[in-house]
Amino acid sequence: MKKTGKIWLFGLFSILLIFASACSKDTGSSEKPEKTDEGTKETVTLSIGSWRTEDTAGYAKVIEAFNKQYPDIKVEFKPSKNTEYNTILNTALQSGEGPDIFHLRPYAPGIALADAGYIEPLDGLEGLDAFPETALAASKGSDGKQYGVPLNMSTTQMFYNKKIFSDLGLEVPKTWDEFIALNEKIKKEGIIPIALGTKEGWLLSAAHGIIGPAHYGGNDFVEKITKGETDFKSAEFVNSIKAMDELKAYFPDNYEGLGMEDIRTLFFTGKAAMFPMGSWEIEVLRSMNPDLELGFFPMPSAVGKDATITAWVDGSFAVNANSKHKEEAKKFLQFLTTKEFGEPFTKEFKMISANPEVKSDDELVNSLSEAVSKISTPYMMVVYFAGGNPTSKATLELELQGMYLGQQTPEGVAGKVQENAETWYKPFQ
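Quick caveat, the model's predicted, so the values are computed rather than measured.

> Teacher, can you tell me more about the sheet that holds strand 1 (residues 44–50) here?
Through backbone hydrogen bonds, the strands of a sheet pair up, either in parallel or in antiparallel fashion. Reading across from one edge, 2-1-3-10-4 is the order of the five strands in this open sheet, with mixed pairing throughout. The open sheet has two edge strands, strand 2 (73–79) and strand 4 (149–150), and neither has a second partner. For strand 1 and strand 2, the ladder comprises seven bridges, and the chain directions are parallel. Within the sheet, the bridge partner assigned to L46 lies in strand 2 and is V75. Strands in contact with helix 3 (residues 82–94) are strand 1 and strand 3 (101–104); relative to strand 3, the strand with the most contacts, it is inclined by about 135°.

In structure tokens form, the structure reads like this:
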């Protein structure tokens, strides 16, 4: 054979070897076993958005309980600062992004997101029948579909330092006059009576949710105003704003510049005797000061009615309509309906579960739960008046801040809230 022929044959043989080798590799890849066995499933990662930065460690334990059932679903709790959460979430959802699961603000704000199509409906989700309709209503859309799994009942009340009360020989007040006298005595002892600041507006609507019912008459007034039979300019509501103004004499110095972290610190360090705040703070306060002797009392009435504790469903978890892992996200939400979630949730966060079948082993939480069942009144501005743009709730907060700066009167606050509510609340139109 000629030399050129040998070279040609050698080249052809080399090409065939390369081709055979390539085919061999492709065949091996295509014949790789499909991942059908439970132990070889690919891990799916879900993200959770929330405003509860304080709960990161607690949710780590809740997620651990979930992973015992679903080891191949990784869940990452990624909260944002409370005052920034709404903006961050809404911006992300409007751009087609956002976390797979997110903490849904209760009532009007959350329902608005559902109506806008940003939330996946939970049709047929197992376990929702464990919740009463009053709890489910907080995240039910205008179309009647359920969009969230309710987490907990929140309460607001006056927390107090038991040791300070004991040292000063003070008792829990039974009337509004006794409450004012209590404040006077604490102040004379050089202790801040009430840890409250006005820098963050939500602190003021929360405080009004505690103090207001003592003056406007609790549930009777709520029933009337929600039917349009009275309004925010009524003497009862104006009196509730006047009471808020009166109490500034018992706030810390420079209260206008104090926010949540400031007032919390004043209370858990023993510099303030009382703290008008929500039940979600129980575990936070205890973690800050394990020796704190924490108690609470309902707000005594100024108009001869029963004392009240304010209660509402404070948030649900929902699934992002644009999530790439909706089925896995729904598995997490289904887990939220169970006792396997409710019991560690209640234990870790010291909150009242929205699932009535779940009980707490904490004496303070159980006392709050009992009070809810007997003397609760709704957080009116959250449950009924969180609509509008800006919302009536936000208007109350802004006007109260103005009042504490000397730029608004109690009558002016009430008038502005009424003016806002008339733009959207049907019973006022």
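Read on, since the account is not over.
> Just checking my understanding: could you explain helix 8 (residues 201–211) for this structure?
Residues spaced three or four apart along an α-helix face the same direction, because each turn holds 3.6 residues. By the criterion of burial, helix 8 is predominantly enclosed, with 11 of the 11 residues buried. If you check which residues of helix 8 are buried, you get G201, W202, L203, L204, S205, A206, A207, H208, G209, I210 and I211.

> Help me understand the packing of helix 11 (residues 235–246) against helix 19 (residues 410–421) in this model?
Geometry of a packed helix pair, given as the angle between the helix axes and the separation of the axes. Relative to each other, helix 11 and helix 19 sit at 130°, their axes nearing to 8 Å. The pairing of helix 11 with helix 19 is recorded here as oblique in orientation. Where helix 11 crosses over helix 19, the two elements pack in a sense that is right-handed. Contacts between helix 11 and helix 19 involve F237, V238, I241, K242 and D245 from the first element and P410, E411, V413 and A414 from the second. Along the lines of polarity and charge, the residues of the contact of helix 11 with helix 19 split into six nonpolar, no polar and three charged.

> Honestly, the environment of G402 in this entry has me stumped. Any pointers?
With respect to the helices, strands and loops of the structure, G402 is situated in helix 18 (residues 392–404). G402 sits in the buried class, given a relative accessible area of 13%. Separated by 185 residues in the primary sequence, G402 and G217 place their C-alpha atoms 25 Å from one another. The residues contacting G402, other than those within four sequence positions of it, are Q407 and Q408.

> Teacher, can you tell me more about empty space enclosed by the protein here?
A probe as big as a water molecule, rolled over the atoms, marks out the empty space that is left. By the definition in use, this model includes three cavities of 30 Å³ or more. Of the volumes computed, that of the largest cavity is approximately 80 Å³. Considering the residues around the largest cavity, the lining is formed by 13 residues, among which R52, D55, H103, N152 and M351 are closest to the centre. Those elements giving two or more residues to the lining of the largest cavity turn out to be strand 5 (152–161) and helix 15 (339–349). Among the residues making up the lining of the largest cavity, the classes are represented as seven nonpolar, three polar and three charged. Taken as a whole, the second largest cavity encloses approximately 50 Å³ of empty space. Taken together, 13 residues line the second largest cavity, and the ones lying closest to its centre are L151, L336, F341, S353 and N355. The biggest single contributor to the lining of the second largest cavity is helix 15, with three residues. Tallied by class, the residues present in the lining of the second largest cavity amount to eight nonpolar, five polar and no charged.

> Mind showing me how you'd approach helix 11 here?
Compared with an ideal rise of 1.5 Å per residue, which puts 12 residues at 16 Å, helix 11 spans 16 Å between its outermost C-alpha atoms and is within 8% of the ideal. Residues of helix 11 that are buried include every one of F237, V238, S240, I241, A243, M244 and D245, and no others.

> It is not clear to me how the domain arrangement of the protein chain should be interpreted in this structure. Could you clarify?
Frequently, the measure chosen for interface size is the accessible area removed from exposure when the parts meet. Assigned domains of the protein chain: these are domain 1 (44–152 + 313–369) and domain 2 (154–311 + 376–428). Here domain 1 and domain 2 have C-alpha centroids that lie 27 Å from each other. Every contact between the two is made by 20 residues of domain 1 and, on the other side, 20 residues of domain 2. Both sides of the domain 1 and domain 2 interface together cover about 1,600 Å² of buried area, and 64% of this is carbon and sulfur. The three residues of domain 1 that bury the most area against domain 2 are Y107, L364 and L368, which together make up 35% of that side's buried surface. One salt bridge in this structure joins K350 and E283, with 4.0 Å as the shortest N-O distance. At the boundary of domain 1 and domain 2, one finds five residue pairs in polar contact (both at pLDDT 80 or more). At four residues, helix 16 (residues 363–375) tops the list of elements feeding residues into the side of domain 1 that touches domain 2. Along the lines of polarity and charge, the residues of the side of domain 1 that touches domain 2 split into 10 nonpolar, four polar and six charged.

Analysis parameters
- What you see as residue numbers is a count from 1 along each chain, following the sequence as written.
- Given that the model is predicted, a residue must reach a pLDDT of at least 70 before its local features are reported, and side-chain atom pairs must reach 80 or more before they are shown or counted; all residues, however, enter totals for whole chains, interfaces and linings.
- Neither water nor hydrogens contribute to the side-chain values; these are computed over all heavy atoms in the structure.
- We call two strands paired when DSSP finds no fewer than two bridges between them.
- Every helix listed is a DSSP run of H or I at least four residues long, and every strand listed is a run of E at least two residues long, numbered separately from the N terminus.
- Only heavy atoms enter the contact rule, under which two residues are in contact if any of them lie within 4.5 Å.
- Axes here mean lines fitted to C-alpha atoms, for a helix over just the part in contact, with angles spanning 0 to 180 degrees between N-to-C directions.
- Only protein chains enter the calculation, and the probe is 1.4 Å; a residue is then buried if its accessible area is under 20% of its type maximum, exposed if over 50%, and partly exposed in between.
- Every angle not falling under 35 degrees, over 145, or within 65 to 115 is termed oblique; those three ranges are roughly parallel, roughly antiparallel and roughly perpendicular.
- Left-handed describes a crossing in which the near helix is turned anticlockwise from the far one by less than a right angle; the clockwise case is right-handed.
- All amino acids are sorted into three groups, where Ala, Val, Leu, Ile, Met, Phe, Trp, Tyr, Cys and Pro are nonpolar, Asp, Glu, Lys and Arg are charged, and the leftover types, Gly among them, are polar.
- Cavities and pockets are defined on a 1 Å grid built over the protein atoms alone: a cavity is a set of grid points where a 1.4 Å probe fits but cannot escape, while a pocket is an open set with protein on both sides within 12 Å along at least five of seven lines, and lining residues are those with an atom within 4 Å of any such point.
- Grid points are joined across faces, edges and corners, and a volume is the space filled by probe spheres set on the points.
- Between the first and last residue of a helix there are one fewer steps than residues, each counted as 1.5 Å, and that sum is the expected span.
- Note that domain bounds follow an automatic or database assignment of domains.
- Joining two parts hides part of their accessible area as seen by a 1.4 Å probe, and the buried area is that hidden amount summed over both.
- Any Lys or Arg side-chain nitrogen found within 4 Å of a carboxyl oxygen on Asp or Glu counts as a salt bridge.
- We call two N or O atoms a polar contact when they sit within 3.5 Å, provided that within protein one can donate a hydrogen and the other can accept it, with sequence-adjacent residues counted only if both atoms are side-chain atoms.

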